[in-house]
Number of protein chains: 2
Amino acid sequence: MTRPLPIIHEVRRHQGDPHRVVEELDLEFSNGERRLYHRAPASEHGAVIVVPMLDDETALLIREYAAGTHRYELGLVKGKIDAGETPEEAANRELKEEAGYGARSLTVLRRISLAPTYMGHETILVLARDLYEERLPGDEPEQLDVLPWKLDALHELILAEDFSEGRSIAALFLVREWLRYADAK
Amino acid sequence: MTRPLPIIHEVRRHQGDPHRVVEELDLEFSNGERRLYHRAPASEHGAVIVVPMLDDETALLIREYAAGTHRYELGLVKGKIDAGETPEEAANRELKEEAGYGARSLTVLRRISLAPTYMGHETILVLARDLYEERLPGDEPEQLDVLPWKLDALHELILAEDFSEGRSIAALFLVREWLRYADAK
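This is a predicted model, so every value here is computed, not measured.

Observations regarding the overall build of chain A
- On a plain count of helices and strands, chain A comes out with three helices and ten strands.
- If you list the helices and strands of chain A from N to C, you get β-β-β-β-β-β-β-α-β-β-β-α-α.
- Once the C-alpha set of chain A is aligned to its principal axes, its extents read approximately 55 × 50 × 40 Å.
- Counting only residues that meet the buried cut, chain A has 36% of its 185 residues in that class.
- For chain A, restricting intrachain contacts to residue pairs at least 6 apart in sequence, the fraction spanning at least 24 positions comes to 66%.

Below, the structure written as structure tokens:
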């Protein structure tokens with residue numbers, strides 16, 4: 001199941017990313033304190049993170065190469081919202097591209113921020129249910145492994161070092177709570 | 001309880017952050033696909049996120065101004081590890097600076113990554129117990145509100161729009177699972 005890591009042929013280091021805008025804020029707090037803060041504004045159309053449910057108890061994870069940590073990471077389907085797309089449409093497209101499934105039921109649950117003290121990025125959490133097989137070509141360099149995981153076994157998943165992303169951990173627990181309390185109503 | 005938001009006197013926009021290094025990776029996947037990936041490498045000494053337990057059931061949250069989303073956010077004590085500090089020492093210092101408590105018991109639970117596909121940043125989750133009152137001066141512009149929250153009421157907390165950070169949501173659920181399964185042993 002484990003794939004060899006990609007070979008790094010070269011690493012080039014730049015001072016700063018010319019494609020990314022940084023904002024400097026001149027702030028005055030209510031106690032009169034004045035400070036300069038820096039922040040990275042959100043990307044144009046936002047992003048989605050998707051919890052696809054194969055049945056009432058089983059979520060689908062993906063395993064994807066992560067350049068930031070240079071290892072294959074377990075996580076959830078994610079991606080940017082394209083111009084003109086709703087969050088639900090973006091979630092369904094990414095689900096087809098990354099996991100080979102479409103969903104007949106898509107529910108926006110809430111927004112999850114990345115590092116709100118210095119980044120504007122927010123990701124919309126979408127619950128995807130009533131799945132059917134359909135694959136769309138994406139921009140991934142290789143087809144991703146898809147891994148079913150029972151929501152009542154999250155205490156085992158969180159012991160995995162390569163299941164590390166805060167948003168993915170948060171999203172699975174949020175969906176588990178949501179399903180419990182929505183069912184209880 | 002809600003404080004007025006700081007006044008934004010001015011916003012200056014830069015193309016890229018000269019203080020932040022970006023790496024460009026020339027990658028070859030095991031199927032022969034060759035791609036250029038960009039990533040932001042991790043900060044020098046890493047960072048900690050702290051779940052302080054006032055008693056066996058009650059975690060302490062803080063409310064802090066977040067420039068990224070320009071609102072007061074509920075979240076956890078966090079901060080960078082200084083040169084020469086262990087994660088436990090950094091957690092205890094940040095806890096004293098941000099919440100006005102020290103801890104006699106500090107336990108590293110796991111690493112949480114931010115956005116591993118394009119960022120190297122990882123935060124070490126530290127559980128802090130056996131608290132005592134002690135405040136250290138920090139670099140915050142104002143004293144932060146501290147809010148106790150029962151771990152069996154996380155399903156209510158996650159409905160709060162201003163409790164949005166993926167790492168903070170993940171950290172509270174991770175601690176709740178850890179305490180449940182550690183107690184069961």
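Observations regarding the relation of the copies chain B and chain A
- Overlaying chain B on chain A yields an RMSD of 0.0 Å, the required transformation being a rotation through 180° with an accompanying axial translation of 0.0 Å. Those values place the two copies in the arrangement expected of a two-fold rotation axis. Considering only C-alpha atoms, the residue of chain B closest to the rotation axis is Ala170 of chain B, which sits at 2.2 Å.
- Most of the interface of chain B is mirrored in chain A, where 100% of its interface residues are also at the interface.

Some words on the sheet that holds strand 6 (residues 71-75) of chain B
Residues and elements named next belong to chain B.
- Pairing in this open sheet of three strands is antiparallel, and the strands run 6-5-10 from one edge to the other. Of all the strands in the sheet, just strand 6 and strand 10 (145-150) have a single pairing partner and so form its edges. Across the sheet, the axes of successive neighbouring strands diverge by a mean angle of 30°, strand direction being ignored.
- By the bridge criterion, five bridges tie strand 5 (residues 58-66) to strand 6 in an arrangement that is antiparallel.

Things to note about the environment of Val77 of chain B
All names here are of chain B.
- Residue position: Val77 is located in strand 7 (residues 77-80).
- Of the residues examined, Val77 has 28 C-beta atoms within 10 Å and is grouped as buried.
- It is 7.3 Å that separates the C-alpha atoms of Val77 and Ala99, two residues lying 22 residues apart in sequence.

Brief notes about the interface of chain B and chain A
- Taken together, the 62 residues of chain B in the interface contact 62 residues of chain A.
- Mapped onto the side of chain B that touches chain A, the elements with two or more residues apiece are strand 1 (7-15), strand 2 (21-28), strand 3 (34-39), strand 5, strand 8 (101-113), helix 2 (154-157) and helix 3 (166-184) of chain B.
- Tallying contributions element by element places strand 1 of chain B first for the side of chain B that touches chain A, with nine residues.
- For the side of chain B that touches chain A, a count of residues per class yields 28 nonpolar, 14 polar and 20 charged.

Topic: helix 1 (residues 87-99) of chain B
Residues and elements named next belong to chain B.
- The terminal C-alpha atoms of helix 1, which comprises 13 residues, lie 17 Å apart, in line with the 18 Å expected from a rise of 1.5 Å per residue.
- For helix 1, the complete set of buried residues consists of Pro87, Ala90, Ala91, Asn92, Glu94, Leu95, Lys96, Glu98 and Ala99.
- Two residues or fewer past helix 1, Gly100 is found with a positive phi of approximately 75°.

Quick look at the sheet that holds strand 4 (residues 47-52) of chain B
Residue and element names in this part refer to chain B.
- With mixed pairing, four strands are arranged side by side in an open sheet as 7-4-9-8. Strands with a single pairing partner mark the edges of an open sheet, and in this sheet they are strand 7 and strand 8. Recorded for the sheet is a direction-independent mean angle of 25° between the axes of neighbouring strands.
- Pairing of strand 8 with strand 9 (residues 122-133), which is carried by eleven bridges, proceeds in the antiparallel orientation. Residue pairing for strand 9: Leu106 is matched across the bridge by Ala128.
- The strands touched by helix 1 within the sheet are strand 4, strand 7, strand 8 and strand 9, with strand 8 carrying the most contacts at an inclination of about 115°.

Each value, and the rule that gives it
- Residues numbered from 1 in each chain as written.
- Chains lettered and ligands numbered in written order.
- Predicted model: local features only at pLDDT ≥ 70, side-chain atom pairs only at ≥ 80, totals over all residues.
- Helix = DSSP H or I, 4+ residues; strand = E, 2+ residues; numbered from the N terminus.
- Buried ≥ 20, exposed ≤ 12 C-beta atoms within 10 Å, placed from the backbone.
- Contact = placed C-beta atoms within 7 Å.
- Least-squares fit on C-alpha atoms with pLDDT ≥ 70 in both.
- Pairing = 2+ DSSP bridges.
- Axes fitted to C-alpha atoms, helices over the stretch in contact; angles between N-to-C directions.
- Nonpolar A, V, L, I, M, F, W, Y, C, P; charged D, E, K, R; others polar.
- Expected span 1.5 Å × (residues − 1).

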